[in-house]
Amino acid sequence: MISFGQIIGDGASAALAAFIPAPATPSLPAYIAFRSVADHTVYDGPWEARKMHSWAAVESLPPMGDITDENAGVYLRTDVPVLWLAMDGSAEAAAARREIAPLAAVYRHKLSFVAIDTNTYHGPVEHMMPGVTIFPAVVITTPQVHRYVLPANKEITAANVRAFVDGVLSGTIEPTLRSQPKPARDDAPVKTIVGSTWKEMVIDYNDDVVVLFTADSTSFSSFYLELAAQARNPPH
């Protein structure tokens, strides 16, 4: 929970200096999160309401806590990605947590770390990690609703997770998508697009792309094939 307060007036500078003595006393105006008098963090970002609220929300969270019904909304409302460690109660899961917990402080305000119990929150875990059945497991979700699952062949070590986080934050790792298998051969005028080929065939394609979304592949098949063939070979 976050509580907000303010000190206004001629005594603000003196009050701030009493809490944070020189030479560390920040200049006014100052936006500061206090966990105690000795444990505080000074905001150094842009003075924009959304960013300031997100920063305060992250400050209110432990470096690596446990997800609960009460705090889930705080994690999801921040402007930073969240790394979820899905734990099944095993000794291996506890060891994985000890291994990566120190990274939470390293990536503070770039990415939040949280543990989620696979028994209590089976549904959310299944949604975030489709197809994952072996735990512990790691997934990163972003405010843009992308998800990145640490490959199952990667052991959950500090080095592997650090490389994974850096790749996600730098954009060198692609999101994990729900996807049917990519067709082995697809020479028809209408291409079959699956989750893993969406970016290549639609987002990054050089020309405009028309995509038909339909639950029934037969209703429009003949009409759509004819339309696609005409577009590929327009009449002269």
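To start, this report covers the structure provided alongside it. Everything quoted here is computed from the prediction, not taken from an experiment.

## Concerning the packing of aromatic side chains
Each aromatic ring pair is specified by the distance between its two centres and by the angle formed by the two planes. One pass over the structure, following the stated rule, counts seven aromatic pairs. Residues Tyr-31 and Tyr-43 carry aromatic rings whose centres are separated by 5.5 Å and whose planes lie at 90° to one another, so their mutual orientation is edge-to-face. Of this pair, Tyr-31 sits in the loop between helix H1 (12-19) and strand E1 (32-34) while Tyr-43 sits in the loop between strand E2 (40-42) and helix H2 (49-60), placing them 12 residues apart in sequence. Each member of the pair, Tyr-31 as well as Tyr-43, is classed as buried. On the basis of an interplanar angle of 25° and a centroid distance of 6.4 Å, the ring pair of Tyr-107 and Phe-113 is categorised as stacked. Given a relative accessible area of 4%, Tyr-107 falls into the buried group. For Phe-113, a relative accessible area of 1% corresponds to the buried category.

## Some details on the packing of helix H4 (residues 91-106) against helix H6 (residues 158-170)
Running from N to C, H4 and H6 point in directions that differ by 40°, and their axes come no closer than 9 Å. Once H4 is placed against H6, the crossing between them reads as right-handed. The residues of H6 that touch H4, namely those facing Glu-99, Ile-100, Leu-103 and Val-106, are Ala-158, Val-161 and Arg-162. The residue makeup of the contact of H4 with H6, split by class, is five nonpolar, no polar and two charged.

## Some remarks on the pairing of strand E4 (residues 82-87)
Summarising burial for E4: six of the six residues are buried, a large majority. Across the two faces of E4 the burial is the same, with Val-82, Trp-84 and Ala-86 and Leu-83, Leu-85 and Met-87 all buried. Relative to strand E5 (residues 112-117), E4 runs parallel, the two sharing six bridges. Each bridged residue has a counterpart across the sheet, and for Val-82 the counterpart in E5 is Ser-112. For the crossover from E4 across H4 to E5, the handedness is right-handed. Strand direction decides the pairing type here: E4 and strand E6 (residues 137-141), joined by five bridges, are antiparallel. When the bridges of E6 are listed, Leu-83 appears paired with Ile-140.

## Observations concerning a nonpolar patch on the surface
A contiguous nonpolar surface patch, about 390 Å² in accessible area, is contributed by Ile-7, Phe-19, Phe-34 and Val-37. By the secondary structure assignment, Phe-34 is in strand E1. The exposure class assigned to Phe-34 is partly exposed, which follows from its relative accessible area of 40%.

The rules behind the values
Residues numbered from 1 in each chain as written. Predicted model: local features only at pLDDT ≥ 70, side-chain atom pairs only at ≥ 80, totals over all residues. Heavy atoms only, no water. Phe/Tyr/Trp six-rings, centres within 6.5 Å; stacked < 30°, edge-to-face > 60°. Helix = DSSP H or I, 4+ residues; strand = E, 2+ residues; numbered from the N terminus. Buried < 20%, exposed > 50% of the residue type's maximum accessible area, 1.4 Å probe, protein only. Axes fitted to C-alpha atoms, helices over the stretch in contact; angles between N-to-C directions. Left-handed = near helix turned anticlockwise from the far one by under 90°. Contact = heavy atoms within 4.5 Å. Nonpolar A, V, L, I, M, F, W, Y, C, P; charged D, E, K, R; others polar. Pairing = 2+ DSSP bridges. Right-handed = clockwise from strand over helix to strand, strands pointing away. Patch = residues over 30% accessible without salt bridge, like charges linked within 9 Å, V, L, I, M, F, W, Y side chains within 5 Å. Areas by Shrake-Rupley, 256 points an atom, 1.4 Å probe, with all protein chains shown as cover. Salt bridge = Lys/Arg side-chain N within 4 Å of Asp/Glu carboxyl O.

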